[in-house]
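# What the coordinates show
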Amino acid sequence: MDLITPIQHSSTYQALIDDLLLHRANRVEFTTKSEGNKRPQLKKFDLDADQDPFYSRHKFKPFPEAIESNGLELQDVTTRETAIRSKTVAGGGDDATAGSYQGDSFTGATSATDLASAVDSLPKLLERKKQLEMHTSILQAVMNEVAARDVPQFFELESALASGQYKNDSAKAKSQVMALVTDTSKGNVEDKIRLVIVFCLATTAPGSDVSEVVQAMANALENQGSNDSGKAADGQGVLSKEDRAKLDMGLKAIEYLKKLRSMQMIPTNISDAEDYGSKSSGNADLLSGFMARATNQATGLLAKATEKVSSMLGKIVKHHSTRVVENLCEMRPNTEDDEYLYLDPKVKGDVDIKALRQMTRAPYREVITFMISGGCYAEYQNLQMIANERRSVTYGSTELLSPCEFLSQLGKLS
Amino acid sequence: MLSLNNDTHGISSSGTTSSAAGAGAGISSSIMYNDTPAGTSYNQWKILIYDVPCRSIISPLLSVSQLRARGVTLHLLIGTEREAIPDVPAVYFVKPTRENLKMIAQDCAKRLYSKVHINFATKLDRSLMEEFGKLVVQNGCLDMIASLHDQYLDFVCLERNLFSLCNQKDSYALMNRSGVTDVDMDNYLSDVAYGLLSVVGTSGSVPVIRCAKVRMFCCYCCCFFFLSLDGCMQSLLTCVTMSCTTGWSTGNGGTKTQQTHRRTSLYFDQPQNATQSSPICHFGP
């Protein structure tokens, strides 16, 4: 039972869109920041992960990579477009009609075919440019949220907690969490609550420690307000009504989870982090490569990204459900494959599991993973790590929840 | 569903192995597409009428232009005031509820459209079917109804490998609250089972089900759900082999019984904790 995955901050493009912006049924909505005289505008986009090549390639990539690729592809498309447009202008100057036998008749004929193919490809190119520009504005909106709320710091700390890095040092974990939740310039109310929940579920910190952290957070918020609440006239930050409601709900959620934990209904999710594919040296290369490219390019978005989000280029660990599905698919002994029920609708009556284990079973080519009572994009993305050419993994749930929605449901439960 | 004649110029699922691609293609093939341009006699203009849950099923899959390519000139919500367009057929895609059936019967009585093709997102209950039949016969408009299908498309397919059921909101909070009753759980789980049946059916292959066997407390919930799904699928398998016409739409737009050369595995998990208070009362030590 993995309650950490739906709550954690994430680092991949699609999961961030779902977490930070208004995202429902493949439609994303956000308000652009007002700059100068421009009023903030409400923008709505429909995302199609299957038809949009940029989105399907980058939805599971870490956010900085998505920004970088977007910049590069847009540059490439713009260059090609200007080349075609200049060709069409030049083509008008040349006598490009077929059959004009002048001194360079051969060149005249080739430029006509070039022109024709260029003009044919122009609409597609413009379509692609429009899609890339849509992603640029979405990336910008996500970047604004990420920068305002310092999401990478929360992400980093939560990943460290969830992957067991603080297994033997819970005092250090507590102090780090305490430092971040009492810092009023970082994160909004929900970010802090989510960090505390991950701290509570992922470590063996005693209930008293958790309560201490919660109290410190609540005090800091009450006294100084959150980073996005307005300052009152006397210079002290004041918690707005919405933030207060969120804080109350968050506190209830934490109480509920503490209760569950004390009844030992949730196993503390410490396991050796098994990272997929990337080794630590590979990551260092990736990061330095990214920094180098960023310093060469002048785009504002990328420069801002390097500053804030380079910590999101880290290893991605397999979540609980990914590990279980992998064990089941590969039929590993002494794992969930032995414990899980085996129900086969094509066979009437009971299946003899012992006999089944002796037989060689054909490998599963298609897996449908279904979450009852709430799934999330982060889990979907994590599961795709074990999909390959021979095995496709489909993910579904009764409802797809963003972390804040899941948090509000937890808050209704104490 | 949108080609009103029965020939199968459907969109095939283009040989992809993912089941939700089959699902996406399933809904497209149930809104079958002809290669001939819309407006010709093969693919005549039609009106699509849906209710709110079915709108959320269609909208991630087909845009307005794609609907137009399939011959749909106008798409309307069933609950809105609609004018008569007597020379155009209407395709309904709704959930099989009493209110929807009443509205369809009223539309038929008023003869708003030329012919009516009704498609339900899930199975129509026998009692509702009989009520509907009575209403239609009483109004004398039986000739209006050209076809009636159960489409088993009760899920929202967001991407090739991602789907969600259009079930109740706040399900985690509702199912884990302290006052939850057995009846609530049973209803919820049977809704989920039917939704999954649609998914599995549209993907066209019969999966093996693996699920956690949580020792003491969750047996009731788990086993009920999985066995009911198992039971649903067994009975549906029997129906299909007997060629019962329930409008079973497969992702490949072809054979009804799929011999699974590729085994599918359906794996369940629940983020909810194992304590539901009622099972504790029944099964506690």
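Quantities reported herein were computed from a predicted structural model and do not represent experimental measurements. (Residues numbered from 1 in each chain as written. Chains lettered and ligands numbered in written order. Predicted model: local features only at pLDDT ≥ 70, side-chain atom pairs only at ≥ 80, totals over all residues. Heavy atoms only, no water.)

## Focus: the confidence of the model for chain A
All names here are of chain A. The pLDDT averaged across chain A works out to 75; a share of 72% of its residues lies at or above 70. The element-level mean pLDDT for chain A is lowest in helix α10 (residues 280-296), coming to 48, with helix α1 (residues 13-20) highest at 89. A low-confidence stretch, residues 92-106 stays under pLDDT 50, and its non-local contacts, those more than four residues away or across chains, total five contacts. Every residue in residues 228-236 is under pLDDT 50, and counting partners more than four places away or in other chains gives 13 contacts. (pLDDT = per-residue confidence, 0-100. Helix = DSSP H or I, 4+ residues; strand = E, 2+ residues; numbered from the N terminus. Contact = heavy atoms within 4.5 Å.)

## Some thoughts on unusual backbone geometry
Even without glycine at this site, Asp150 of chain A takes up a positive phi of about 55 degrees. For Asp150 of chain A, the position within the fold is in the loop between α4 (105-149) and α5 (151-162). One non-glycine residue with positive phi stands out, namely Arg111 of chain B, at about 55 degrees. For Arg111 of chain B, the location among the structural elements is in the loop between α4 (98-110) and β4 (116-120). Its relative accessible area of 36% is what places Arg111 of chain B among the partly exposed residues. (Buried < 20%, exposed > 50% of the residue type's maximum accessible area, 1.4 Å probe, protein only.)

## Some words on the sheet that holds strand β2 (residues 72-77) of chain B
Residue and element names in this part refer to chain B. The sheet built from five strands is open, its strands ordered β2-β1-β3-β4-β5 with parallel pairing. Edge strands, defined here as strands with exactly one partner in the open sheet, are β2 and β5 (145-150). Strand-to-strand twist in this sheet, taken as the mean axis angle between neighbours without regard to direction, amounts to 15 degrees. In terms of strand pairing, strand β1 (residues 46-50) meets β2 through five bridges, oriented parallel. Residue pairing in the sheet places Leu48 in a bridge with His75 of β2. (Pairing = 2+ DSSP bridges. Axes fitted to C-alpha atoms, helices over the stretch in contact; angles between N-to-C directions.)

## Digging into the sheet that holds strand β2 (residues 27-31) of chain A
Residues and elements named next belong to chain A. Reading across the sheet, the three strands line up as β1-β2-β3 and stay open at both edges, with antiparallel pairing between neighbours. In the strand order of this sheet, the two ends are held by β1 (22-24) and β3 (42-46), each with one partner. Averaged over all adjacent pairs, the angle separating strand axes in this sheet is 15 degrees, with direction ignored. Of the pairings in the sheet, the one linking β1 to β2 comprises three bridges and is antiparallel in character.

## Let's talk about the confidence of the model for chain B
All names here are of chain B. For chain B, per-residue confidence averages 67 on the pLDDT scale, and 59% of positions sit at 70 or higher. Per-residue pLDDT stays below 50 along residues 29-42; that stretch engages in 37 contacts with residues further than four places along the chain or on separate chains. In the model, residues 271-285 has pLDDT below 50 throughout and makes 43 contacts with residues more than four positions away in sequence or in other chains. Two numbers describe this predicted complex: its pTM, 0.76, and its ipTM, 0.75.

## Details of the pattern of salt bridges
A side chain with one charge may pair with a side chain of the opposite charge, provided their charged atoms come close. Overall, the coordinates contain 23 salt bridges over all chains when judged by the stated rule. Note that Lys59 of chain A is salt-bridged to Glu159 of chain B, the shortest N-O span being 2.6 Å. With Lys59 of chain A in the loop between α2 (53-58) and α3 (63-93) and Glu159 of chain B in strand β6 (residues 156-159), this residue pair bridges two chains. Each member of the pair, Lys59 of chain A as well as Glu159 of chain B, is classed as buried. The partner of Arg80 of chain A in a salt bridge is Asp76 of chain A, and the shortest N-O contact between them spans 3.8 Å. Of the two residues, Arg80 of chain A and Asp76 of chain A are both situated in helix α3; the distance of four residues between them amounts to about one turn of the helix. Note on Arg80 of chain A: relative accessible area 41%, which makes it partly exposed. The partly exposed category is assigned to Asp76 of chain A, whose relative accessible area is 35%. One network of salt bridges, with partners in common, ties together Glu81, Arg85, Lys129 and Glu133 of chain A. (Salt bridge = Lys/Arg side-chain N within 4 Å of Asp/Glu carboxyl O.)

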